[in-house]
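Observations on chain architecture
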Amino acid sequence: MAKALSFGLVGGRRLARLAPSPELSHRASRTLSPGSVGGGVRGLLRLEGLAVLALSVAAYTQFGAGWAFFAWLFLLPDLSFLAYLAGPRVGAAAYNAAHSYAGPLALLALGVLAAMPLALAAGLVWCAHIGLDRALGYGLKYATGFGNTHLGRVGRADPW
């Protein structure tokens, strides 16, 4: 990894520190938005999404309500995209609400604690959907636009 020596003033004293080279910083700024992860951390989070997908589907085969139910519910969280019609801030909030693990974990707890097999099945399908999205690199959205996620930029880079 290329590093450059840069100098800064701290308390009137000149200090040297290693900083990424301007070339590396420019390249990284094209792919990462502020607040997003990259490199090995991004890969680890995507693997985590793949694991959630695999475990959710495996559990669904044991406790599920049939594959037609799975197919119907699997894409349901993506209806949150419609909130982007009201603007990026509202769209990001709706997308994040539908793509965080809080909702499916609540359904899983309800399904287990209240012995409600449909809630358990719906929670597993919802977890599988989020896991697939994360494995594909679709993270939680920032209000600055649909393409800015916690897993990095989604889609083509702006040519301008």
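This report concerns the structure included in the present document. (Residues numbered from 1 in each chain as written. Predicted model: local features only at pLDDT ≥ 70, side-chain atom pairs only at ≥ 80, totals over all residues. Heavy atoms only, no water.)

Structural notes on the overall build of the protein
Keep this limit in mind: Only DSSP runs of H or I covering at least 4 residues are called helices, and only runs of E covering at least 2 are called strands; the numbering of each starts at the N terminus. The rule is simple: take the accessible area with a 1.4 Å probe, protein chains only, and divide by the maximum for that residue type; under 20% is buried, over 50% is exposed, in between is partly exposed. Note on areas: Shrake-Rupley with a 1.4 Å probe; residue coverage comes only from the protein chains shown.
Counting its regular elements, the protein contains six helices and five strands. Reading the protein from its N terminus to its C terminus gives the helix and strand order β-β-α-α-α-α-α-α-β-β-β. Evaluated residue by residue, the protein yields a buried proportion of 32% over its 160 residues. Summed over its atoms, the accessible surface of the protein is roughly 10000 Å², and 70% of this surface lies on carbon and sulfur atoms.

Structural notes on the nonpolar core
Applicable threshold: What is meant by a nonpolar core is a set of buried Ala, Val, Leu, Ile, Met, Phe, Trp, Tyr and Cys residues, joined one to another through side-chain atoms within 4.5 Å. We call two residues in contact whenever any of their non-hydrogen atoms come within 4.5 Å of each other.
Membership of the largest hydrophobic core is limited to 11 residues, which are L53, Y60, F70, F74, L108, L120, A121, L124, V125, C127 and A128. For this core, the elements supplying multiple residues, two or more each, are α2 (39–63), α3 (67–74) and α6 (117–135). Here this core gets six residues from one element, more than from any other, and that element is α6. When sequence neighbours within four positions are dropped, the list of residues in contact with L120 reads F63, L107, L108, G111 and V112.

A look at the environment of L73
Summarising the element assignment, L73 is placed in helix α3. L73 sits in the partly exposed class, given a relative accessible area of 22%. Linking L73 and A121, residues 48 residues apart in sequence, is a C-alpha distance of 9.7 Å. Excluding residues within four positions of it along the chain, L73 makes contact with A122 and V125.

Observations regarding the sheet that holds strand β5 (residues 152–153)
Note the following rule: At least two DSSP bridges between two strands are required for those strands to pair.
Strand order in the open sheet formed by three strands is β3-β4-β5, and the pairing between neighbours is antiparallel. Whereas interior strands pair on both sides, the edge strands pair on one side only; in this sheet they are β3 (141–142) and β5. By the bridge criterion, two bridges tie β3 to strand β4 (residues 145–149) in an arrangement that is antiparallel. Looking across to β4, one finds that K141 is bridged to T149.

So, the environment of A121
Looking at the secondary structure, you find A121 in helix α6. Relative accessible area serves as the criterion here: at 0%, A121 is assigned to the buried category. A121 has contacts with Y60, F63, G64, A65 and F69, leaving out every residue within four places of it along the chain.

Points about helix α4 (residues 88–98)
In plain terms, the rule: Read the arc as the range of directions from the helix axis to the C-beta atoms.
Buried within α4 we find G91, A92, Y95 and A98. The buried residues of α4 occupy an angular sector of 135 degrees when the element is viewed end-on, so they sit on one face. Away from the buried face of α4 by more than 90 degrees, exposed residues R89 and A97 are located. Close packing links the buried residues of α4 with α6, β3 and β4.

Details of a nonpolar patch on the surface
To be explicit about the condition: Patch membership needs two things, relative accessible area over 30% and no salt bridge, and members are linked within 9 Å if like-charged or within 5 Å if nonpolar (Val, Leu, Ile, Met, Phe, Trp, Tyr). Here, a salt bridge means any Lys or Arg side-chain nitrogen found within 4 Å of an Asp or Glu carboxyl oxygen.
Nonpolar side chains collect at one region of the surface, where L76, L79, L82 and L85 lie side by side and expose about 460 Å² of accessible area between them. Its location among the elements puts L82 in the loop between α3 and α4.

Details of the packing of aromatic side chains
Here is the rule: Only rings of Phe, Tyr and Trp enter the pairing, Trp through its six-membered ring, and a pair is recorded when the two centres are within 6.5 Å. The plane angle decides the type: under 30 degrees is stacked, over 60 is edge-to-face, the rest tilted. Ring-over charges, as used throughout, are those where CZ of Arg or NZ of Lys falls within 6 Å of the ring centre and within 35 degrees of the ring normal.
In this structure the tally under the stated criterion is five aromatic pairs. An aromatic cluster is present here, built from Y60, W67, F70 and F74 joined pairwise through their rings. Across from the ring centre of Y95, 4.6 Å away, lies the NZ or CZ of K141, which sits over that ring.

Section: the packing of α3 against α6
As a reminder of what qualifies: Only C-alpha atoms enter the line fits that serve as axes; for helices the fit covers just the stretch in contact. Angles between N-to-C directions range over 0 to 180 degrees. An angle below 35 degrees is treated as roughly parallel, one above 145 as roughly antiparallel, one from 65 to 115 as roughly perpendicular, and anything else as oblique. In this scheme the crossing of two helices becomes right-handed for a clockwise turn of the near helix relative to the far one and left-handed for an anticlockwise turn of less than a right angle. Under the grouping applied here, Gly and all other residues not named as nonpolar or charged are polar, the nonpolar ones being Ala, Val, Leu, Ile, Met, Phe, Trp, Tyr, Cys and Pro and the charged ones Asp, Glu, Lys and Arg.
In contact at an axis separation of 9 Å, α3 and α6 are set at 50 degrees when each is read in the N-to-C sense. By the angle class used here, α3 and α6 are oblique. Note on packing geometry: the crossing formed by α3 with α6 is right-handed. For the pair α3 and α6, contact is made by F69, F70, L73 and F74 and by L118, A121, A122, V125, A128, H129 and L132, respectively. Partitioning the contact of α3 with α6 into residue classes produces 10 nonpolar, one polar and no charged.

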